[in-house]
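Summary of the model geometry
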Amino acid sequence: MNIYQHFRKEEYPFIDQVLQWKSEAEERYSVKLTDFLDPREQDIAESMIGKGSEASLSFWGGSSFSERKRALIYPSYFQPEKTDFEITVLEVNYPTKFVTIEHRDVLGSLMNLGMKRGKFGDILHSQDRMQIIVAGDVSDFVRLNLERIGKAAVRLKEVSEHDLILSEEAYEEKEGTVSSLRLDVVLSEIYGLSRSKMSPLITGSKAKVNWRITEEASFLVEPGDYLSLRGYGRSKLFAVEGKTKKDRWRIRYGILQ
């Protein structure tokens, strides 16, 4: 069976990487700790390392609610502990009465330090609290070098995972019909926008499929895809459930609340 047949071409390099990690765990009895993976990459890793494999797979991102998680791929005899995931939680202290910090401000500041996106996980925000989950090997670097976020001077303090801000994601599940599985058509159904309004949003780099900007309105989406539209939120295409008598696709999707 062709293992690539259910995946897109741009996902092939990551599939190859997972297969290499799996082989090393099975043949060399090695343990591989990955960078933080987005949910789509986690789905791929799970599908590549099945239950019948001699390699095992576990995820952890700081809590059971974490979106971005590190993966541990290991021989079946190995018993992983949370400490094996080498995760650090940094609390951001800033003058909350005078300035507001948003998720995108934190993301931009971290990227400006020259960090790879895979080196930090979720950015958590609750009222006037902000936390950044980072890989243990870069925690000291981030703590010492991240001095400003947006217009705010900040100080970072390492805190226990027990102090982690918890935010469970919930999707409102809905059903609908679409004339095709083109990105512009599906997003129009999900967010209640006309295709004439949707097309410039997509070509203007405001749409993402599986956390990657997609500027082609004709891009074909598939079940399991994570979708987002800047300013409108995130969603997931759960299933495509055949066609109606009028030759329209039935789809089941969720909108992140």
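Preceding block: the structure.
Residues numbered from 1 in each chain as written. Predicted model: local features only at pLDDT ≥ 70, side-chain atom pairs only at ≥ 80, totals over all residues. Heavy atoms only, no water.

Re the nonpolar core
By size, the foremost hydrophobic cluster in this structure holds 34 residues, and its most contacted members are Val 92, Tyr 94, Ile 101, Val 106, Leu 110 and Val 142. Broken down by secondary-structure element, the contributors of at least two residues to this core are strand 1 (32–37), strand 3 (69–75), strand 4 (87–93), helix 3 (103–112), strand 5 (120–126), strand 6 (129–135) and strand 9 (155–159). Here this core takes five residues from strand 6, the largest share from any one element. By size, the runner-up hydrophobic cluster in this structure holds 23 residues, among which are Val 186, Met 198, Ile 251 and Ile 255. (Core = buried A, V, L, I, M, F, W, Y, C linked by side-chain atoms within 4.5 Å. Buried < 20%, exposed > 50% of the residue type's maximum accessible area, 1.4 Å probe, protein only. Helix = DSSP H or I, 4+ residues; strand = E, 2+ residues; numbered from the N terminus.)

Description of the packing of helix 5 (residues 183–191) against helix 6 (residues 195–203)
Two numbers describe how helix 5 lies on helix 6: the axes approach to 9 Å, and their chain directions differ by 120°. Judged by the twist between their axes, the crossing of helix 5 over helix 6 is right-handed. Residues Leu 183, Asp 184, Val 185, Leu 187 and Ser 188 of helix 5 touch helix 6, and the partners they reach there are Arg 195, Met 198, Ser 199 and Ile 202. When its residues are assigned to classes, the contact of helix 5 with helix 6 shows five nonpolar, two polar and two charged. (Axes fitted to C-alpha atoms, helices over the stretch in contact; angles between N-to-C directions. Left-handed = near helix turned anticlockwise from the far one by under 90°. Contact = heavy atoms within 4.5 Å. Nonpolar A, V, L, I, M, F, W, Y, C, P; charged D, E, K, R; others polar.)

Examining the sheet that holds strand 1
Pairing between sheet strands relies on hydrogen bonds along the backbone, with the strands arranged either parallel or antiparallel. Pairing within the open sheet is antiparallel, and its three strands lie in the order 1-3-2. Only two strands of the sheet have a single partner each, and these edge strands are strand 1 and strand 2 (55–60). Averaged over all neighbouring strand pairs, the angle between strand axes comes to 20°, with direction disregarded. Sheet analysis places strand 2 next to strand 3, joined by six bridges and oriented antiparallel. Each residue of the ladder has a partner; that of Phe 59, found in strand 3, is Ala 71. Contacts between helix 2 (residues 39–48) and the sheet are confined to strand 1, strand 2 and strand 3, with strand 2 contributing the most and set at about 160° to the helix. (Pairing = 2+ DSSP bridges.)

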